[in-house]
Amino acid sequence: MIMNEESIFSSTLYRLSLQAHLFFRTIVPEPQHRRPITLSNAYILTLPFYPMLLMGYLARRPNTYLLRLCLAPLIIWIIIKTYYSHYWVQPSLNVYNWGMGLLALAMTARALEFAYLPQGILKRGEVRPGEMLTPAVSRKQGVHAPGDGSSLKRPASGLFPLWFQDSMEVLCAMRGMGWQFGEGLHVPEQTRPIERAAYLKATLRSWTINYIALDLLESFIKLTPNLHSPSGGSIFLHTLSPLPRYMVSTSVQFATGIAFIMGFGMVYDLLTLFCVGLLMHSPTSWPPLFDKPWATTSLHDFWAKRWHQILRQTFLVFGGFPGKRIAGDAGLVIGTFLASGLFHDLSMYCMGQGTSWVVVLFFLSQAFGMISERMWRKITGKRVGGWPGRVWTYLCVVGLGQPCIDTWHRRGLGGGLVIPPMLSPTRRIFPLFQRIFETVRKS
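Residues numbered from 1 in each chain as written. Predicted model: local features only at pLDDT ≥ 70, side-chain atom pairs only at ≥ 80, totals over all residues. Heavy atoms only, no water.

For the rest of this paragraph, the subject is the packing of helix α9 (residues 312-348) against helix α10 (residues 357-380). It is the contact of α9 with α10, at a shortest axis distance of 7 Å, that shows an interaxial angle of 160°. Considered as vectors, α9 and α10 are oriented roughly antiparallel to each other. Judged by the twist between their axes, the crossing of α9 over α10 is right-handed. Of α10, the residues touching α9 (which contributes Asp-329, Ala-330, Val-333, Ile-334, Phe-337, Leu-338, Ser-340, Gly-341, Leu-342, His-344 and Asp-345) are Val-359, Val-360, Phe-363, Leu-364, Gln-366, Ala-367, Phe-368, Met-370, Ile-371 and Arg-374. Considering only residue class, the contact of α9 with α10 consists of 14 nonpolar, four polar and three charged. (Axes fitted to C-alpha atoms, helices over the stretch in contact; angles between N-to-C directions. Helix = DSSP H or I, 4+ residues; strand = E, 2+ residues; numbered from the N terminus. Parallel < 35°, antiparallel > 145°, perpendicular 65-115°, else oblique. Left-handed = near helix turned anticlockwise from the far one by under 90°. Contact = heavy atoms within 4.5 Å. Nonpolar A, V, L, I, M, F, W, Y, C, P; charged D, E, K, R; others polar.)

Dropping the structure here:
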């Protein structure tokens, strides 16, 4: 009788797990079953933005909590289904599949946040959503240039209805400047002049520098053996002896990290030029993205202040807030970095090369490193800082980060198309120098 009950339970559990797997695969199909993106169906990639626009609107209106809760599962299904069931076919564009995965998970976190907050998304000083008509960024605090007259006005307010402006504002508020969910956010000091013309000139100069630097770094990475192919390769060249091998891997790692900074900066500068130059945003609405990450003095300083904070709320929603409910402040830190590791790895699943716990373990190591800093402060009464803190941070981020970077390059990160060769100054100039050198040598 007992054996019969156990077999029934096992059979039921098996059927449930099988149905769950089949349901999961209807949303996230196997890589070989995904639909290729073509010019005729590329419009599909814009579909999740429409229900998210609705969700943003509802999050800024009172008495919409139940409606948001009901809509959230459907909207999340649309987001995941759209970006995880389509792919860019050309191998060099596979890195864009990673971008789609990142976008899908970031949008999912926003949908969850919009749904589970009963009061909606509030600006600083608001009691009910929608009360404040001025942009949230006009209420940001703790920055070098807290705002000017133009930051109190809605840009391009005559072109779009108020509800659309309100919804777009909350959708694009990734860092949370001026919003209640952005409390405690570190915003880097403004380093550019606030006068509009001078600010745009400085931003254009920054974009040019970021573009050229990214092009140089991408070209260097592609010159490294194993990394030029979209199919991927290791940063560890096993044909070399240990010392040269780790010199090459460390150089590639630094090049990859700086390329991330320059790439983020280039895109951010381009958006800044568009929004400040054409949509007449206030220059104070676009503070720097990074805060000199190379000058870090502790892990807390690096991850909470120096590195970009665009995905801060995403990781808090996915892991930080649940972790805090389970294990307090330690759970907050561990949950946040666990969410970061899963976010970076599960998004890369879109590249069709599986998943890896190496990425998750790297980000978890950063959490335990930050907890160690807190314990050090409790024991000694001193914060981690100065040159010892800088060495410690570089060891934790660079030393422990090499397997993570290697995992990304094994999946084809280095061989992906970032700057097209025809738009690459580096790859157009080097062949020219090579031809000149060969001509001189022959003469």
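Quick look at α9 now. Spanning 37 residues, α9 covers only 19 Å between terminal C-alpha atoms, well under the ideal 54 Å at 1.5 Å per step. At Ala-327, α9 shows its largest kink, close to 150°. (Expected span 1.5 Å × (residues − 1). Bend = angle between axes of the 7 residues up to and from the residue.)

Across all of its chains, the model carries 18 aromatic pairs by this definition. Both rings, one in Trp-88 and one in Tyr-96, keep their centres 6.5 Å apart while their planes meet at 80°; by these two values the pair is edge-to-face. Owing to a relative accessible area of 26%, Trp-88 belongs among the partly exposed residues under this scheme. Ring geometry for Trp-303 against Phe-337: centres 5.9 Å apart, planes inclined by 80°, an arrangement best described as edge-to-face. Taken as a pair, Trp-303 in helix α8 (residues 299-306) and Phe-337 in helix α9 lie far apart in primary sequence, 34 residues in all. Linked through ring pairs, Phe-264, Phe-290, Phe-302, Trp-303, Trp-307, Phe-337, Phe-362 and Phe-363 together constitute an aromatic cluster. When the ring centre of Tyr-199 is taken as reference, the NZ or CZ atom of Arg-192 above it lies at 5.9 Å. (Phe/Tyr/Trp six-rings, centres within 6.5 Å; stacked < 30°, edge-to-face > 60°. Buried < 20%, exposed > 50% of the residue type's maximum accessible area, 1.4 Å probe, protein only. Lys NZ or Arg CZ within 6 Å of the ring centre and 35° of its normal.)

With that settled, consider the UniProt feature "transmembrane region" (unreviewed entry) in the chain. UniProt marks residues 40-58, 65-84, 96-117, 254-280 and 346-368 with the feature "transmembrane region" (unreviewed entry), using the numbering shown here. Secondary structure over residues 254-280 splits into 89% helix and 0% strand, and the C-alpha atoms at its two ends are 37 Å apart. Along residues 346-368, the helical share is 65% and the strand share 0%, with 22 Å between the first and last C-alpha atoms. (UniProt positions renumbered as here; feature names shortened; annotations may be inferred.)

Our focus in this paragraph is the confidence of the model for the chain. Within the chain, residue pLDDT values average 88, and 90% of them lie at 70 or more. Ignoring residues within four places in sequence, the model shows residues 142-146, a span with pLDDT below 50, making eleven contacts including any to other chains. (pLDDT = per-residue confidence, 0-100.)

As a further point, take α10. Taking 1.5 Å per residue, 24 residues should reach 34 Å; α10 reaches 34 Å between its end C-alpha atoms and fits that length. All buried positions along α10 are accounted for by Val-359, Val-360, Phe-362, Phe-363, Leu-364, Gln-366, Ala-367, Gly-369, Met-370, Ile-371 and Glu-373. Those residues of α10 hidden inside the fold are in contact with α8, α9 and α11 (386-410). One side-chain oxygen at the N-terminal end of α10 lies 3.2 Å from the backbone nitrogen of Val-358; it belongs to Ser-356. Looking one or two places after α10, you find Gly-381, whose phi comes out positive at around 80°. (Polar contact = N/O pair within 3.5 Å; in protein donor to acceptor, adjacent residues only side chain to side chain.)

Now for unusual backbone geometry. A positive phi is found at Asn-63, a non-glycine position, where the angle reads about 60°. Exposure remark for Asn-63: the relative accessible area of 74% places this residue in the exposed category. Positioned with a positive phi, Lys-292 is a non-glycine residue whose angle comes to about 50°. As for its position among the elements, Lys-292 is in the loop between α7 (242-277) and α8.

Moving on: the pattern of salt bridges. In the structure shown here, the tally under the stated rule is 14 salt bridges. Between Glu-169 and Lys-123 there is a salt bridge, with its nearest N and O atoms 3.5 Å apart. Taken as a pair, Glu-169 in helix α5 (residues 162-172) and Lys-123 in the loop between α4 (94-116) and α5 lie far apart in primary sequence, 46 residues in all. Assigned by exposure class, Glu-169 and Lys-123 land together as buried. A salt bridge links Arg-410 to Asp-406; its shortest N-O distance comes to 2.7 Å. Taken together, the positions of Arg-410 and Asp-406, both in helix α11 and four residues apart, correspond to about one turn of that helix. Linked through salt bridges whose partners overlap, the residues forming this network are Arg-60, Arg-61, Glu-126 and Asp-166. (Salt bridge = Lys/Arg side-chain N within 4 Å of Asp/Glu carboxyl O.)

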